[in-house]
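Fold and contact review
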Amino acid sequence: MNELTRFSLQRRHLLAVGAAAAATVATSTQAWAQAPARVLRVGHQKGWLSILKGRGTLEKRLAPLGVKVTWTEFNAGPVQLEALNVGSIDFGDVGEAPPIFAQAAGAPLVYAGATVPRPALEAVIVPKESPIRSVADLKGKRVAYNKGSNVQYFLVKLLQKHGLKYGDVQSVFLAPADARAAFERGAVDAWIIWDPFLAAAQKMLDARLLADATGVVNNRQYYFTSRDFATKNTDVLRIAIEEVNAIDTWISKNQAAAAAELSAVLGLDKGITELYLSRARYGTAPVTRDILAEQQAIADTFFDLKLIPKKLNLLHAAPVDLL
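For the structure given in this document, a descriptive report is provided here. (Residues numbered from 1 in each chain as written. Predicted model: local features only at pLDDT ≥ 70, side-chain atom pairs only at ≥ 80, totals over all residues. Heavy atoms only, no water.)

1. A closer look at the sheet that holds strand β7 (residues 170–173)
The strand order β7-β6-β8-β5-β9 describes an open sheet built from five strands, whose pairing is mixed. Every interior strand has two partners, whereas the edge strands, β7 and β9 (208–212), have only one. The average undirected angle you get between the axes of adjacent strands in this sheet is 30°. Bridging between strand β6 (residues 142–145) and strand β8 (residues 190–194) involves two bridges; their strand directions are parallel. In the strand pairing of β8, V143 is matched with A190. (Pairing = 2+ DSSP bridges. Helix = DSSP H or I, 4+ residues; strand = E, 2+ residues; numbered from the N terminus. Axes fitted to C-alpha atoms, helices over the stretch in contact; angles between N-to-C directions.)

As structure tokens, this is what we get:
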């Protein structure tokens, strides 16, 4: 074999090796490009998460991890939890009661975070000229509230604190809009409601606050996820809760600006959102065993009232990294 033939064979071999390597790189690149990026699908009601969405800070924090964020707005917590149950969202915000019903219905719910107690954000109100002057005066009266909500638990505990039983009042189960209409026309004697509906009733209807939840129940807001998402994305959830807490911190230091922004989100007068934010408490953190114990008490109460069909163990909805 002469040198020219040997060189030709070597050149063919190198070209073949190079082509194979290039094909491998191209295949790997294509596979990487087609690999599904992680997505955090956020469900939210008008409120804190709407402000977070507007800031875009969650997207910035998660971008280096290759995580995309999508947002879907809902009009109520139970609807969000149903979306979680069918696999449409991964993260959302809700009050104390809806997660209890979701867990009772078998949803793969996991608590991701909780606010500090916010008892002043729910209360019993009566018309300004009402003869009802104390909680004891509610005995035998028609009290409107949303069935199965956090205010129902508040009512139970409020009555107990004042020596009354749950059956001592006439419960009128109405959603907020219908309850407001009934309150305005005098069809009910009292209304148990949460902010911003509470602030709106005080400002627009001149309603009188009879008692809020201070010293009765904690009234936390919760952030939830699914068991599958929590297991695979602890880093994403940690950042999400940190960013929610950052919004809490910003609102606490900038209430005038926050009230203006929130009034635009909610479609309410700024005076209403100012009253709402003035009595809120700020801070969001991961859920602890003590916080789960609070939820356990609510679940046990709802079971005793026959609102849920079975006893629950709240540890079944505990964060995957619960200490």
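And the narrative resumes.
2. Some words on the pattern of salt bridges
Under the definition given, this model contains 16 salt bridges. R41 is the partner of D90 in a salt bridge, and the nearest nitrogen-oxygen pair spans 2.8 Å. With D90 in the loop between α4 (77–85) and β3 (92–94) and R41 in strand β1 (residues 38–44), the pair connects residues that are 49 residues apart, well separated along the chain. On the basis of relative accessible area, D90 is assigned to the buried category, the value being 5%. In this structure, a network of salt bridges that share partners links the residues R61, R238, E242 and E243. (Salt bridge = Lys/Arg side-chain N within 4 Å of Asp/Glu carboxyl O. Buried < 20%, exposed > 50% of the residue type's maximum accessible area, 1.4 Å probe, protein only.)

3. Quick look at the environment of R208
Mapping R208 onto the fold places it in strand β9. C-alpha of R208 to C-alpha of K128: the two residues are 80 residues apart in sequence and 5.0 Å apart in space. Discounting chain neighbours no more than four positions away, the residues touching R208 are V124, I125, V126, P127, K128, S130, I132 and R133. A distance of 3.3 Å separates a polar atom in the side chain of R208 from the backbone oxygen of K128. (Contact = heavy atoms within 4.5 Å. Polar contact = N/O pair within 3.5 Å; in protein donor to acceptor, adjacent residues only side chain to side chain.)

4. A closer look at helix α12 (residues 270–278)
Within the span of α12, buried status applies to G271, I272, T273, Y276 and L277. Those residues of α12 that are buried lie in contact with α2 (48–55), α8 (197–204), α10 (234–253) and α11 (255–266).

5. As for the environment of V217
Its place among the elements puts V217 in the loop between β9 and β10 (222–226). Considering only alpha carbons, one finds V217 and A120, 97 residues apart in sequence, at a separation of 9.8 Å. In this structure, V217 is in contact with P119, E122, Y153, F154 and K157, ignoring residues within four places of it in sequence.

6. Observations concerning the sheet that holds β10
Taking strand neighbours across the sheet as the criterion, the four strands line up as β3-β10-β4-β11 in an open arrangement whose pairing is antiparallel. The open sheet has two free edges, formed respectively by β3 and β11 (284–285), since each of these has just one partner strand. Pairing of strand β4 (residues 109–115) with β10, which is carried by five bridges, proceeds in the antiparallel orientation. When the bridges of β10 are listed, A114 appears paired with Y222.

7. Observations regarding the side chain of N219
Considering the arrangement of structural elements, one finds N219 in the loop between β9 and β10. A distance of 2.9 Å separates a polar side-chain atom of N219 from the backbone oxygen of R118. For N219, the residues in contact, after removing those within four places along its chain, are E96, P117, R118, P119, L121, E122 and N150.

8. Description of unusual backbone geometry
Residue D195 is joined to P196 through a cis peptide bond whose omega torsion reads 10°. When you line up the elements, P196 lands in the loop between β8 and α8. Within the chain, N219 stands out as a residue other than glycine whose phi angle is a positive 55°.

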